[in-house]
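The primary structure of each chain is shown beneath.
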Amino acid sequence: MAASDEMNHPNDVKEALPESSVDENRMEKDVQVVAEEGFAATDSHGEPIVEFDRLAERKLRNKIDLMIVPTVSFLYLFCFIDRANIGNARLAGLEAELGMKGNDYNALLSIFYISYILAQVPSNLACKWVGPGWFVPLISLGFGASSLGMAFVPNLQSAYGLRFVLGIFEAGMMPGISYYLSRWYRRSELVFRLSLYIVMAPLAGAFGGLLASGILSLSNVGSLHNWRMIFAVEGTITMGLSLISFITLTDRPETARWLTEEEKRLAVARVKSERVAQTTVLDKMDRKKVWLGFWNPVVMATSFIFLFNNITVQGLAFFLPTIVANIYPTYTIVQKQLYTVPPYVVGAVFEVFIPLLSWRLDRRQIFLIITAPLTMMGYIMFLASTDTKVRYAATFFTAISCFAGGPLTNAQASAQVISDSARSMSLATNMMLGNVGGLIATWSYLSWDGPDYRIGNGINLAASSMFLALATLTLIWMKMDNRRREKLDVAKELEGLTQAQIESLEWKHPGWRWKP
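Conventions and cut-offs
For every chain, the first residue of its written sequence is number 1, and the numbers climb from 1 along that sequence. Confidence filtering applies because this is a predicted model: local features only for residues at pLDDT of at least 70, side-chain atom pairs given and counted only at 80 or more, and all residues used for totals across whole chains, interfaces and linings. In computing side-chain values, all of the structure's heavy atoms are included and hydrogens and water are not. Working definition: helices are DSSP H or I runs of at least four residues, strands are E runs of at least two. Numbering for both runs from the N terminus. One less than the number of residues in a helix, times 1.5 Å, gives the span that helix is expected to have. Summary of the burial criterion: residues with accessible area below 20% of their type's maximum are buried, those above 50% are exposed, and those between are partly exposed, where the area comes from a 1.4 Å probe applied to protein chains only. Residues belong to a common nonpolar core when they are buried Ala, Val, Leu, Ile, Met, Phe, Trp, Tyr or Cys residues joined through side-chain atoms within 4.5 Å. Contacts were defined at the residue level, with two residues in contact if any of their heavy atoms lie within 4.5 Å. Each Phe, Tyr or Trp ring (for Trp, its six-membered ring) is paired with any other whose centre lies within 6.5 Å, and the angle between the two planes then decides the class: stacked below 30 degrees, edge-to-face above 60, tilted in between. When a carboxyl oxygen of Asp or Glu is within 4 Å of a side-chain nitrogen of Lys or Arg, the pair counts as a salt bridge.

Q: Which residues make up helix α11 (residues 187-198), and what are the values?
A: If you check α11, its first and last C-alpha atoms are 17 Å apart, about what twelve residues at 1.5 Å a residue would give, namely 16 Å. Most of α11 sits out of view: ten of its twelve residues are buried. The complete set of buried residues in α11 reads S188, E189, L190, V191, F192, R193, L194, S195, Y197 and I198.

Below, the structure written as structure tokens:
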């Protein structure tokens, strides 16, 4: 049967609407119809076939913001603290007590990234299968326990093992939360909400430094002392938050007890209205859709952009304490911890401000392009000067720009696919390739390259330069391909296809347009 015979549209409802104004009761009926499974919310060109009450949408969005974003933000805060507290523990005597020498510290960081990268895709596919409302708290409990276990490691080999396990549990956090939020928000709205939890990464650097300073001032607890106390306290807090999130994290709009039936329908319909030809928001796992979520030219380009971005982000996260120690060698450990805080705070402000602009303009690619030169400037300053004040200032330029890449690339990877199945894969792909950059970052700053770290800073300058080039070329290609698609006859291209076949076309659908 042809697609035109199978596709369900509430066209009879839409055509009855007066041209000058939309009756409120009829608008509500339209929303109710397209929210149901089996009805598409767009025409064949991807245009919404129903109008929404903007005031009702704003009220719904504010409600979702209040009920969803705080929980995932606090979980991600301690996810990143549990990952990056190894840098604070290093300053507090980790290396000496475990007998680490040479590049042992870099190897300890690399072990985490090996499991972290390998587990990205299976973890996010499991997240869709289990449901993020259960999966995210579960893995949070796992990495909290892993962090707590680091407080009791007797030797370096045990630390290697626990960092590997930590990587498995943390692999699903960033793509899992991004996928979870995509169930609730429109394309333009998503980038700002992503920033509200991803901003916890630089805040983890700031708060983690303050927390580590406070923990180091506490009395010893049994055999736990100095750096061991950092892991024990922070791991325990994470486990407590994860247990609470089992109760507070709602899996999807349909199961939200804090939404009315009308709000649930609106939440589903408005998300569906941006998904070309899809008759359901949460589709069943589809192999073809999953493959096209990976084999997508813009998703792949965005993932490599995130790879280059992550080299600079993770390099700063892991090695800023070491950079500060070299700049201020005579300061106490607590003073050094405190000096790592200001660059993260400034970076956090811009990590929210840039995605806010992106949300308002519904543009992501141009902001990726704009941020890269500031990151380049920071690493040029590191290479060009040996003055300690100049180098400390360089960390601010880097933090201002590079942290915004996380929400921007994840939002872009989500925006360039149509179905829920493809989105679970596109976000996992972005994180998998992106975190190869994190693995590279662990070997950017080697002990024998200090205190100037010319190789490390050169690698980061090259990465930020590649970031700029690839982001610019991707934008040019998106616009060229959209112009090509404008010339297609959509009806002719879809002729003879069933509704199921049309839904599986993903970015190959002739009515699809790339979203820069």
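Q: Can you break down the nonpolar core residue by residue, with the values?
A: Y76, L181, W184 and Y197 are the most contacted members of the largest nonpolar core, which has 95 residues in total. It is helix α4 (residues 54-91) that contributes the most residues to this core, 15 residues altogether. In contact with Y76, not counting residues within four places along its chain, are R83, M173, M174, I177, Y197, I198, M200 and A201. Formed by 18 residues, the second largest nonpolar core is a distinct cluster that contains V313, L316, Y328 and Y392.

Q: So what's going on with the side chain of E234? Residues and values would help.
A: With respect to the secondary-structure elements, E234 resides in helix α13 (residues 227-248). If near-sequence neighbours (up to four positions away) are discounted, E234 is found in contact with F78, I81, D82, N85, G208, L211, A212 and I215.

Q: Got a sec to walk through the packing of aromatic side chains? Specific residues and values, please.
A: Under the definition given, this model contains 22 aromatic pairs. Taken together, a centroid distance of 5.7 Å and an interplanar angle of 10° make the contact between W291 and W295 stacked. Look at W291 and you get partly exposed, because its relative accessible area is 47%. Given the relative accessible area of 47%, W295 is considered partly exposed.

Q: So what about the pattern of salt bridges? Which residues, and what values?
A: Pairing between side chains becomes possible if they bear opposite charge and their charged atoms approach one another. In the structure shown here, the tally under the stated rule is 21 salt bridges. Residue K63 pairs with E263 through a salt bridge whose shortest N-O separation is 3.0 Å. In this pair, K63 sits in helix α4 while E263 sits in helix α14 (residues 261-272), placing the two residues 200 residues apart along the sequence. For K63, a relative accessible area of 28% corresponds to the partly exposed category. Two residues, E170 and R83, come together in a salt bridge whose shortest N-O distance is 3.1 Å. Linking E170 in helix α9 (residues 156-170) with R83 in helix α4, this pair joins segments that are 87 residues apart in sequence.

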